[in-house]
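Descriptive structure summary
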Amino acid sequence: MSEALVLVAQEGAVRTITLNRPKSLNSFTSALHVELAAALVAAEADRSVRCLVLTGAGRGFCAGQDLADPSVAPDLTPGAKPTDVGNVIERFYKPLALRLRAMPVPVIAAVNGVAAGAGASIALGCDMVIATRSASFIQAFSKIGLVPDAGGTWLLPRLVGRANALGLAMTGDKLSAEEAQRMGLIWKCVDDDAFAAEVAATAAKLAAMPVAALAATRTVMDASMSLGYADAISLEGRYQSRLSAAPDFLEGVAAFHAKRPAVFSDR
Ligand code: T3D
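Conventions used here
Residues numbered from 1 in each chain as written. Predicted model: local features only at pLDDT ≥ 70, side-chain atom pairs only at ≥ 80, totals over all residues. Heavy atoms only, no water. Core = buried A, V, L, I, M, F, W, Y, C linked by side-chain atoms within 4.5 Å. Buried < 20%, exposed > 50% of the residue type's maximum accessible area, 1.4 Å probe, protein only. Contact = heavy atoms within 4.5 Å. Near = heavy atom within 4 Å. Polar contact = N/O pair within 3.5 Å; in protein donor to acceptor, adjacent residues only side chain to side chain. Areas by Shrake-Rupley, 256 points an atom, 1.4 Å probe, with all protein chains shown as cover. Helix = DSSP H or I, 4+ residues; strand = E, 2+ residues; numbered from the N terminus. Nonpolar A, V, L, I, M, F, W, Y, C, P; charged D, E, K, R; others polar. Salt bridge = Lys/Arg side-chain N within 4 Å of Asp/Glu carboxyl O. Phe/Tyr/Trp six-rings, centres within 6.5 Å; stacked < 30°, edge-to-face > 60°. Disulfide = S-S within 2.5 Å.

This next bit is on the nonpolar core. Grouped together as the largest cluster of nonpolar side chains are 51 residues, with contacts concentrated most on Phe 28, Leu 36, Leu 54, Val 111, Phe 137, Leu 185 and Ile 186. In this view, Leu 185 contacts Leu 124, Phe 137, Leu 156, Leu 159, Val 160, Leu 175 and Ala 180; residues no more than four positions away in its chain are not counted. Val 53, Met 128, Val 190 and Leu 206 belong to the second largest nonpolar core, which has 13 residues in total.

Now the structure itself:
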């Protein structure tokens, strides 16, 4: 039997999905996309899941598109019909990026090693990126004549500003996790031997929080990027109307007054 391309594990309320093609640095094949989509749909539907961690097996996080996958790799024979990479984006990467962005719980990218091309975009599209100090981020697209994709052109300038975004995207230079944190590209870079514990502690912390409000925070912040100040405040108000009618708000306030830890349950 062939090995699973994604590994799924759960510890308490934290679901971890591990990309499992370590020999090719967990680069994406069509088959991996299909298995990952199924794992994400399952996590989305399972109310026991309150935080999702996405990581990679072996020494890499994800090296982007598998450039040898026969179902999408270009046919290098002279005169062969070109592969339309745009179709691959629409078929696989866009649904993946949007699915991660719509998860009802916070999503942590635990970047255990190199994240290149669409692998970097997918990591950066998660809510929080925690990387090992030995990890790196590479906008590999320019080296093979493509633009950043899987959300990269949207994410990069928003995360690090136009100058850094274009610098990274045009050079395709490797950015260390430490530099990535300094630049504001990622949330945190931690020593390799502290990485697993840091990811687990952060995931457990988020899972114990009012996760519906955390997912709404992501939605409102993303939306605010294309809104004026007044409209953003109005959108916040609409979300507060909805959230303040939910049990987690009552629990949070009751716990505050009772000076006890809150037990949140909405999702
Ligand atoms: O259809 C489409 O193309 C859709 C487009 C999607 C968007 C993209 O993601 S485009 C970007 C695609 N990714 C890349 O261009 C990155 C290619 N990989 C690299 O540049 C390097 O591997 C890394 C900088 C990421 C890591 O370098 P290093 O020296 O640490 O490792 P390595 O020796 O290069 O790689 C280890 C193995 O993984 C190696 O296999 P081998 O020789 O041991 O059998 C290598 O071929 C394989 N590998 C790494 N990346 C990919 C890959 N195999 C297939 N596809 C890859 N993307």
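With that settled, the discussion passes to the site of the ligand. Of all residues adjacent to the ligand, which total 23 residues, the nearest are Arg 59, Ala 63, Gln 65, Leu 67 and Ala 118. Between the ligand and Gln 65, the relevant distance is 2.8 Å, taken from a nitrogen atom to a main-chain nitrogen or oxygen of the residue. One nitrogen or oxygen atom from the main chain of Leu 67 is found 2.9 Å from a nitrogen atom belonging to the ligand. Across the complex, the protein chains shield 63% of the 1000 Å² of accessible surface that the ligand would expose by itself. Elements supplying a minimum of two residues to the shell around the ligand: α2 (85-101) and β6 (114-116). For the shell around the ligand, the per-class residue count stands at 14 nonpolar, five polar and four charged.

Working definition: two side chains of opposite charge can pair if their charged atoms are close together. Using the criterion set out here, one finds nine salt bridges in the structure. Notably, a salt bridge pairs Asp 66 with Arg 21, separated by 2.9 Å at the nearest N-O pair. Of this pair, Asp 66 sits in the loop between β4 (60-62) and α2 while Arg 21 sits in the loop between β2 (14-19) and α1 (30-45), and the two are 45 residues apart along the sequence. Here Asp 66 matches Arg 21 in class, with each residue buried.

Below, the discussion takes up the packing of aromatic side chains. Centre distance and the angle of the planes are the two values used to describe a pair of aromatic rings. Counted by the stated rule, this structure contains one aromatic pair. Judged by centre distance (5.5 Å) and plane angle (90°), the rings of Phe 28 and Tyr 93 are edge-to-face. Of this pair, Phe 28 sits in the loop between β2 and α1 while Tyr 93 sits in helix α2, and the two are 65 residues apart along the sequence.

Under the defined criterion, the tally for this structure stands at zero disulfides. No disulfide involves Cys 62; its sulfur sits 11 Å from the nearest other cysteine sulfur, which is in Cys 126. Here Cys 189 stays unpaired: no disulfide links it, and the sulfur of Cys 126, its closest cysteine neighbor, is 17 Å away.

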